[in-house]
Amino acid sequence: MYTEKQPPRAESPSAAGTPGAASDNTQLRKVALSSLLGTVLEYYDFLLYSTMAALVFGKLFFPSSNSAASTIAAFGTLAAGYAARPIGGVLFGHFGDRLGRKSMLIVTMVMMGGASFVIGLLPDYGSIGVLAPILLVALRLIQGIAIGGEWGGAALMVIEHADKDRRGKWAGIMQLGSPIGFLLSTVVVMVVTMLPDESLYSWGWRLPFLLSGLLVVVGLYVRLGVVESPVFREALEQAESESEPKAATPLVQLLRNPRPLILACAAGIGPFALTALTTSHIIAYATDTGYDKSEVMRTLVAMSVVSLVCIPLFSALSDRLGRRAVTMAGAVGAVVFALPLYVMVDTGSVLLMTVGLLIAQVVQNLMYAPLAPLLAEMFGTEMRYTGVSLGYQMASLIGAGFGPLIASSFVASTGGSSLPLSAIIGVTALVTATAIWRMAETRGRDLTAEFVRG
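Counting of residues starts from 1 at the beginning of each chain's written sequence and follows it residue by residue. The predicted origin of the model limits local features to residues at a pLDDT of at least 70 and limits the giving and counting of side-chain atom pairs to 80 or more, whereas totals for whole chains, interfaces and linings rest on all residues. Only hydrogens and water are set aside; all other atoms, that is, all heavy atoms of the structure, feed into the side-chain values.

- The protein chain has the name Putative proline/betaine transporter in an unreviewed UniProt entry, where Nocardia speluncae is given as its organism.
- According to the UniProt record, the Function (unreviewed entry) comment for the protein chain is "May be a proton symporter involved in the uptake of osmolytes such as proline and glycine betaine." UniProt positions are given in the numbering used here, feature names are shortened, and annotations may be inferred rather than shown by experiment.

1. A closer look at the packing of aromatic side chains
- Pairing of aromatic rings covers Phe, Tyr and Trp, the last through its six-membered ring, and needs centres within 6.5 Å; plane angles under 30 degrees mean stacked, over 60 mean edge-to-face, and all others mean tilted. Under the definition given, this model contains six aromatic pairs.
- Seen from their ring centres, Phe61 and Trp205 are 5.9 Å apart, and the 90° between their planes marks the pair as edge-to-face. Here Trp205 lies in the loop between α9 (197-204) and α10 (206-210) and Phe61 lies in helix α2 (residues 25-61), a separation of 144 residues in the sequence.
- An aromatic cluster is built from Trp151, Phe272, Tyr368 and Tyr392, whose rings are joined through pairwise contacts.
- Residue placement shows Arg140 over the ring face of Tyr49; its charged tip is 4.0 Å from the ring centre. Each helix corresponds to a stretch of at least 4 residues labelled H or I by DSSP, and each strand to a stretch of at least 2 residues labelled E; elements are numbered beginning at the N terminus. Lysine and arginine charges are scored as sitting over a ring when NZ or CZ, respectively, is within 6 Å of the ring centre and within 35 degrees of the ring normal.

2. Focus: the side chain of His161
- Tracing the backbone shows His161 in the loop between α6 (131-159) and α7 (167-175).
- From its side chain, His161 meets the backbone oxygen of Met157 in a polar contact 2.6 Å long. Identification of polar contacts relies on pairs of N or O atoms within 3.5 Å, with a donor-acceptor requirement for protein atoms, meaning one able to donate a hydrogen and the other able to accept it, and with residues adjacent in sequence counted only if both atoms are side-chain atoms.

3. As for the packing of helix α16 (residues 293-321) against helix α17 (residues 323-345)
- At their nearest, the axes of α16 and α17 sit 6 Å apart, and the two run at 130° to each other. It follows that α16 is oblique to α17 by the angle criterion. Residue-level inspection shows Phe314, Ser315, Leu317, Ser318, Asp319 and Leu321 of α16 in contact with α17, the latter providing Arg323, Ala325 and Val326.
- All amino acids are sorted into three groups, where Ala, Val, Leu, Ile, Met, Phe, Trp, Tyr, Cys and Pro are nonpolar, Asp, Glu, Lys and Arg are charged, and the leftover types, Gly among them, are polar. Split by residue class, the contact of α16 with α17 holds five nonpolar, two polar and two charged. Between N-to-C directions, angles cover 0 to 180 degrees, with each direction set by a line fitted to C-alpha atoms, over the stretch in contact for helices. Geometric relationships in this document are graded by angle, where less than 35 degrees denotes roughly parallel, more than 145 denotes roughly antiparallel, 65 to 115 denotes roughly perpendicular, and other angles denote oblique. What makes two residues a contact is simply this: any of their non-hydrogen atoms within 4.5 Å.

4. Here we look at the packing of helix α4 (residues 101-119) against helix α11 (residues 212-223)
- Relative to each other, α4 and α11 sit at 170°, their axes nearing to 8 Å. One element, α4, and the other, α11, form an angle in the roughly antiparallel class. Contacts from Lys102, Leu105, Ile106, Thr108, Met109, Val110, Gly113, Ser116 and Phe117 in α4 reach Ser212, Gly213, Val216, Gly219, Leu220 and Arg223 in α11.
- For the contact of α4 with α11, the residue count by class is seven nonpolar, six polar and two charged.

5. Some thoughts on a nonpolar patch on the surface
- What makes a patch is a set of residues exposed beyond 30% relative accessible area and free of salt bridges, joined within 9 Å when like-charged and within 5 Å when nonpolar (Val, Leu, Ile, Met, Phe, Trp, Tyr). All accessible-area figures derive from a Shrake-Rupley calculation using a 1.4 Å probe, and residue coverage is judged against the displayed protein chains alone. What counts as a salt bridge is simple: a side-chain nitrogen of Lys or Arg found within 4 Å of a carboxyl oxygen of Asp or Glu. Together, Tyr125, Ile128, Val130, Leu131, Ile134 and Leu135 make up an exposed nonpolar region whose accessible area comes to about 500 Å².
- For the nonpolar patch, the elements supplying multiple residues, two or more each, are α5 (125-128) and α6.
- Ranked by the residues each element gives to the nonpolar patch, the list is headed by α6, at three residues.
- Within the element layout of this structure, Ile134 appears in helix α6.

Listed below in structure tokens is the structure:
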């Protein structure tokens, strides 16, 4: 879309979201609500699957005389969904950078919710044999591809509408989709797990997935009413008016200068690994340690409540202190707290487990909250959707996709030792800290500039 000979321009009023411009406060609020609903659905669907993988999928779709082997197999399908995310990031990022953000977000929402709804209708292994896990994995891949394009587009719609001094504040609203989606999925799972085991395994587990259909209807209603990103519209109009030759595809442009993409990926690995171990994996680990399943689920609800406060607070704080300072504080905190966390969980005390996981959630939020504006400010408009989506989803794949699978394998092979789990948190947080240390501050950067910035 751009040539590298063009000089950067000052951010236009419409791109800044100033009063009276196309991106006025009313439209900005509508865009923020649309992106929030999309991320709620995203995290509800994906975290719901993670929870069910720990609770029922091993038995229903991967039966084995060894419960640990069944759990590992169930978490393997979780990893498959994460593996599909970068594919979705490239696919929807390409068309989002060429055709616009809004149209891609409508497609991703329908795919996400539709795949989850169909999972709720699937027969289990006892009914159709090996076809059951095959269909489950296929739907998980569709879900992963859709989510690969959802977060990046939702983040850009908010950030490209917002004033440069308030990107963190408005992105924090969109980022609330993570705790709200997790809270919603956890509450729904808590309700269905109150059913007798026979009812839970026969039909109760399906209800949370079928609820996705309702969430899609509500989300689409709001999303269809928002306007395209003003930054993208301005870029498209300029390219058309100047009759520029079409640039290389966004992915090719990124690979020519991969440093920003590598840093974006590395920055997200720490928060994703921590959240994977303290949400989906902790259910299986804590119940094997001796905690009651309901005790763990109540703690997860409390963690979501903490995030409802911390994510918008820390994201807005990054507007004042900078993205690097807030993220680095979380990364250092994760390294320091990695060992004490599992010491507290291993005590068998519900109080200590809850306190430990709540502290871990605050640390995770410090790393995660500034991620949306940080990544968006690292790339030029012509490749921003692709860069943000691919960087974020590669971090998700490495940090969260393989995290529970590796953790389950380590726990099984070491007789239940938590030391490898602490090591995973510490090492991945160090990766994030190193990436933040190597990159320049991005706060307030001009989103209409053409060049990829690291």
